[in-house]
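Residue-level listing of the chains:
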Amino acid sequence: MANDDEMAYLFAIQNQQNQINFQPRPRTVNNNIINSFELTDSAFIKNYRLTKNLANTLIQELSPFLKSPKRSSDLDVSTKVLVALNFFATGSYQTPVGNSRFTSVSQSSVSRCIEEVTSALNTDNVFGKWVKFPSSLRELRKVRNEFYENTGIQGCIGCIDCTHVAIVPPIKDPLNAHSEYIYVNRKGYHSINVQLICDSKLRILNVNALFPGSTNDSYIWNNCDVLPILEQIYRNDQQGYFLLGDSGYALRPWLLTHINDPVTDVEQYYNKIQMTTRSAVERCNGVLKMRFRCLLKHRFLHYHPEKCTKIINACTVLHNMCIIHNVELPVEEGPTNIEMGIIQHSNHPNNGQHFGGNDLLLGRQTRSVVANYLYRNRRH
């Protein structure tokens, strides 16, 4: 019987011979791939959420930020964008996205496509173009007039609320014992708590996806870059510009909430209009998540929280593109009782409604003026 040294020598010879005789497998090409742009318009929207023209616009806009193919095996920019769009739209795992009859690429290629396109959508040039809060009084008046024409509320420039986007539990950091725990929200699952501010057309004016699921809505608002802007506008005697929010926010002259325990007809009518108008942000959240289903609770984003934030921002950009260009929302098959991630708030004293000094008193005065105006000019 051969000893260990002889067996090792024989194995080495056999291995060397195998390497000499090895013939690389030719790269397979799937000739059955369907050109996505040959789909019907409705089928294209169902798979990618954008129209063909809008998808081409996006491809051109992102081209400077995506790597150009240098080898024949590299994916072109168009394929990268379409692969990422299909992931955003369906929320499927990367392997099924890659095995699509429209692409036929590996899971690792899908991962790189998502990374590149997501990063491109988060660049200042792209994100700042499509998601921006009004930067002048002229732009604020335009948004305010649109709200007034649609709802009768004079002074509203946006509706605010937060929604939870489910993520897989982050890897525990031994240097931070609470790094995983802080992402667990009040419903018991890990999430990013995302603040949205939208206009009457459901266009997102501001998004903040930086905070873990355990963070309450008012804390996110108090650390939002929109708050000092509205406060400064008010203190510069440019009053009559405010957001509408629910009981999770403190009443201020620049953020009006509903009236707890309304008694008079004026108060009841104000609450009716305030909540009807504020529902715009709930509809906005629903449209955002139904259009880009990777954000739905039952899909979960399987990425590190920082990348989840970028994916949420990317979907916000695409949502606004669809809203501005009036892209229809595709009808999806599946459950209709999908949770949209908005957690309702109770009227608790700690929500800021019962303290706040002079700003709270000014908020009550502003709300009273708005309520009386609405009642005097109510639409029958």
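Going by the structure above, here's the rest.
Calculation criteria
Sequence order sets the numbering: in each chain, residues are counted from 1 along the sequence as written. Two thresholds apply to this predicted model, a pLDDT of at least 70 for residue-level local features and 80 or more for giving and counting side-chain atom pairs, whereas whole-chain, interface and lining totals are computed over all residues. Only hydrogens and water are set aside; all other atoms, that is, all heavy atoms of the structure, feed into the side-chain values. Numbering goes from the N terminus for both helices and strands, where a helix is a DSSP run of H or I of at least four residues and a strand is a run of E of at least two. Only protein chains enter the calculation, and the probe is 1.4 Å; a residue is then buried if its accessible area is under 20% of its type maximum, exposed if over 50%, and partly exposed in between. Here, residues are in contact when the closest pair of their heavy atoms is within 4.5 Å. Here the accessible surface of atoms and residues is derived via Shrake-Rupley with a 1.4 Å probe, and residues count as covered only by protein chains that are part of the display. Here, a strand pair is defined by DSSP locating no fewer than two bridges between the strands. An axis is simply a line fitted to the C-alpha atoms; with a helix, the fit covers only the stretch in contact. Between two such axes, the angle follows the N-to-C directions and lies from 0 to 180 degrees. The cut-offs work like this: below 35 degrees is roughly parallel, past 145 is roughly antiparallel, 65 to 115 is roughly perpendicular, and the gaps in between are oblique. Note on residue categories: nonpolar means Ala, Val, Leu, Ile, Met, Phe, Trp, Tyr, Cys or Pro, charged means Asp, Glu, Lys or Arg, and polar means any other residue, Gly included. Throughout, a crossing is termed right-handed when the near helix is turned clockwise from the far one, and left-handed when it is turned anticlockwise from it by less than a right angle.

Trainee: I keep staring at the overall build of the protein and nothing clicks. Help me out?
Mentor: A tally of regular secondary structure across the protein gives 13 helices and five strands. Per-residue burial over the protein gives 49% buried out of 380 residues. Pairs at least 24 apart in sequence give 70% of the contacts found in the protein among residues at least 6 apart. Of the roughly 20200 Å² of accessible surface on the protein, 50% is carried by carbon and sulfur atoms.

Trainee: Whenever I open this one, the pairing of strand β2 (residues 191-198) confuses me. Can you help?
Mentor: Across a regular strand the side chains alternate sides, sitting on one face of the sheet and then on the other. Counting buried positions along β2 gives eight out of eight residues, so the element sits mostly inside the fold. Both faces of β2 are covered, namely the face carrying S191, N193, Q195 and I197 and the face carrying I192, V194, L196 and C198. Where strand β1 (residues 156-166) lies against β2, eight bridges are found, and the strand directions are antiparallel. Counted as the bridge partner of C159 is C198 from β2. Pairing of β2 with strand β3 (residues 204-212) involves six bridges; the strand directions are antiparallel. Following the sheet pairing, I192 is matched in β3 by P212. Connecting β2 to the next strand, β3, in antiparallel fashion are five residues, including L202 with a positive phi near 75°.

Trainee: Even after reading the chapter, I still don't get the packing of helix α4 (residues 77-90) against helix α6 (residues 107-121), so can you show me in this structure?
Mentor: Helix packing geometry: the angle between the two helix axes and the distance between the axes. Contact geometry of α4 with α6 gives a least axis separation of 8 Å together with a crossing angle of 90°. In terms of orientation, α4 lies roughly perpendicular with respect to α6. Residues K80, V81, V83, A84, F87 and F88 of α4 form the contact with α6, whose own contacting residues are V110, C113, I114, E116, V117, T118 and L121. Its residues assigned to classes, the contact of α4 with α6 shows ten nonpolar, one polar and two charged.

Trainee: Looking at this model, I keep getting lost on the packing of helix α3 (residues 52-62) against α4. Mind explaining?
Mentor: The interhelical angle for the contact between α3 and α4, taken along N-to-C directions, is 115°, at an axis separation of 10 Å. Crossing geometry of α3 relative to α4 is assigned as right-handed. Of the residues in α4, those touching α3 at L58, I59 and L62 are V77, S78, V81 and L85.

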